[in-house]
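Per-entry structural report
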Amino acid sequence: MIDCVNGDIVEDSRPTPTIEDYLSLFLILQRDNEPIVGARLAELLNVSPPTVTNTLQRMARDGLITQNDPKGAALTDKGLHAARSVMRRHMLSEWMVARMVGWSKSHVQAHEMEHVISAELEAALIQDLNNPQTCPHGNPLPGYEQVVKNWIPLTELNQGDEIIIRRVHELAEDAPGVLPFLEEKQVLPGVHATVTEVLPFNETVTLKLEKGQLVTIGFGVARYIYGEPA
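The next thing to look at is the layout of surface pockets. Think of a ball as big as a water molecule: rolled over the atoms, this probe shows where empty space is left. Approximately 470 Å³ is the volume found for the largest pocket. If you go around the largest pocket, you meet 19 residues; those closest to its centre are Asp 21, Leu 45, His 107, His 111 and Asp 174. If you list the elements that add at least two residues to the lining of the largest pocket, you get helix H1 (17-31), helix H2 (38-45), helix H4 (77-101), helix H5 (106-113) and helix H7 (170-173). When its residues are assigned to classes, the lining of the largest pocket shows seven nonpolar, five polar and seven charged. The two domains that each donate at least three residues to the lining of the largest pocket are domain 1 (2-128) and domain 2 (152-229).

Take a look at the structure:
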């Protein structure tokens, strides 16, 4: 049986979980106009370069990517549909499990679920969640990329800027300890904050949150946290 939601799911030909992990990363990098090259994929997926090479060859064989782009590999139309599908299932799963396990744990739990969510359940989740435009961490569901377009990384703000925290980028979600730290310090989407200090030589940004607490974040993470001018 072939089933579709928003034209992006083909149930009978769903890729393996490993391929879906690659597709999700392709979608993120392609959306952000980053080159998709083997070394970068190996770093982000924590696998060896030969493993990446073999997997990319399989994906090209199956018509999911092309490898003749000067900037690296790229999703085909078939690959884009599959990538959008797994990304949407992941983000909907995050909303579902965040109710039970909390904001910082939802990403890891959803990663286990995204590969088994059916088209029927996906459609039900979209309806139950009132068709969300972002995930709990503020990243855009496929088709809603414009929603986050004007949000600004903390590293591009100046002392005295007042913002509302809106987004923690997908690449920061996978960094060990980042989401628990942000949840503990209450650096969460929807929270108001003031930039009190930016130290380029020290590579830190300090925020004063709405309850008065100060939080200092290194550039390595701060560049993946986005705010909207308050």
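With that settled, consider empty space enclosed by the protein. Counted according to the given criterion, the structure contains one cavity of 30 Å³ or more. Considering only enclosed or pocket space, the largest cavity measures out at about 40 Å³ in volume. Leu 27, Ile 28, Arg 31, Met 87, Met 91, Pro 140, Pro 142, Glu 145 and Glu 170 are the residues that line the largest cavity. Secondary structure elements with two or more residues in the lining of the largest cavity: H1 and H4. Along the lines of polarity and charge, the residues of the lining of the largest cavity split into six nonpolar, no polar and three charged.

This paragraph deals with the packing of H4 against helix H6 (residues 119-128). For the pair H4 and H6, the least separation of the axes is 10 Å and the interaxial angle reads 55 degrees. Comparing their axes, H6 and H4 come out oblique. Judged by the twist between their axes, the crossing of H4 over H6 is left-handed. Of the residues in H6, those in contact with Ser 85, Arg 88, Arg 89, Leu 92, Met 96 and Arg 99 of H4 are Glu 122, Leu 125, Ile 126 and Asp 128. Of the residues that constitute the contact of H4 with H6, the class distribution is four nonpolar, one polar and five charged.

A word on the packing of H2 against helix H3 (residues 49-61). Viewed as axis vectors pointing N to C, H2 and H3 meet at an angle of 110 degrees, and their least axial separation amounts to 9 Å. With respect to each other, H2 and H3 are oriented roughly perpendicular. Once H2 is placed against H3, the crossing between them reads as right-handed. For the pair H2 and H3, contact is made by Gly 38, Leu 41 and Ala 42 and by Pro 49, Val 52 and Leu 56, respectively. When its residues are assigned to classes, the contact of H2 with H3 shows five nonpolar, one polar and no charged.

Bringing the sheet that holds strand E8 (residues 225-229) into the picture now. The six strands are arranged E3-E8-E4-E5-E6-E7 in an open sheet whose pairing can be described as antiparallel. Pairing within the sheet leaves two strands with one partner each, and these edge strands are strand E3 (152-153) and strand E7 (214-218). Note that strand E4 (residues 162-168) and E8 share five bridges and pair antiparallel. Within the sheet, the bridge partner assigned to Arg 167 lies in E8 and is Tyr 226. Helix-sheet contacts for helix H8 (residues 178-185) involve E4, strand E6 (204-209), E7 and E8, and the interaxial angle to E7 is about 160 degrees.

Attention now goes to the pattern of salt bridges. Here the structure, examined in full by the defined rule, presents eleven salt bridges. In this structure, the salt-bridge partner of Arg 61 is Asp 62, at a minimum N-O distance of 3.0 Å. Relative accessible area serves as the criterion here: at 61%, Arg 61 is assigned to the exposed category.

Here we come to the domain arrangement of the protein. Each assigned domain of the protein is listed with its residue range as follows: domain 1 (2-128) and domain 2 (152-229). Between the C-alpha centres of domain 1 and domain 2 the distance comes to 27 Å. In this assembly, 13 residues from domain 1 lie in contact with 15 residues from domain 2. Carbon and sulfur atoms supply 58% of the area that domain 1 and domain 2 bury against each other, a total of about 1000 Å² over both sides. Taken as a group, Trp 103, Ser 104 and His 107 account for 59% of the area that domain 1 buries against domain 2, more than any other trio of residues on that side. At the boundary of domain 1 and domain 2, one finds one salt bridge. With a shortest N-O distance of 2.8 Å, Arg 31 and Glu 170 are connected by a salt bridge. At the junction of domain 1 with domain 2, the criterion picks out seven residue pairs in polar contact (both at pLDDT 80 or more).

Definitions and cut-offs
- Residues numbered from 1 in each chain as written.
- Predicted model: local features only at pLDDT ≥ 70, side-chain atom pairs only at ≥ 80, totals over all residues.
- Heavy atoms only, no water.
- 1 Å grid on protein atoms, 1.4 Å probe; cavity = no way out; pocket = protein on both sides within 12 Å on 5 of 7 lines; lining within 4 Å.
- Points joined across faces, edges and corners; volume = space filled by probe spheres on them.
- Helix = DSSP H or I, 4+ residues; strand = E, 2+ residues; numbered from the N terminus.
- Nonpolar A, V, L, I, M, F, W, Y, C, P; charged D, E, K, R; others polar.
- Domains from an automatic or database assignment.
- Axes fitted to C-alpha atoms, helices over the stretch in contact; angles between N-to-C directions.
- Parallel < 35°, antiparallel > 145°, perpendicular 65-115°, else oblique.
- Left-handed = near helix turned anticlockwise from the far one by under 90°.
- Contact = heavy atoms within 4.5 Å.
- Pairing = 2+ DSSP bridges.
- Salt bridge = Lys/Arg side-chain N within 4 Å of Asp/Glu carboxyl O.
- Buried < 20%, exposed > 50% of the residue type's maximum accessible area, 1.4 Å probe, protein only.
- Buried area = accessible area lost by both parts, 1.4 Å probe.
- Polar contact = N/O pair within 3.5 Å; in protein donor to acceptor, adjacent residues only side chain to side chain.

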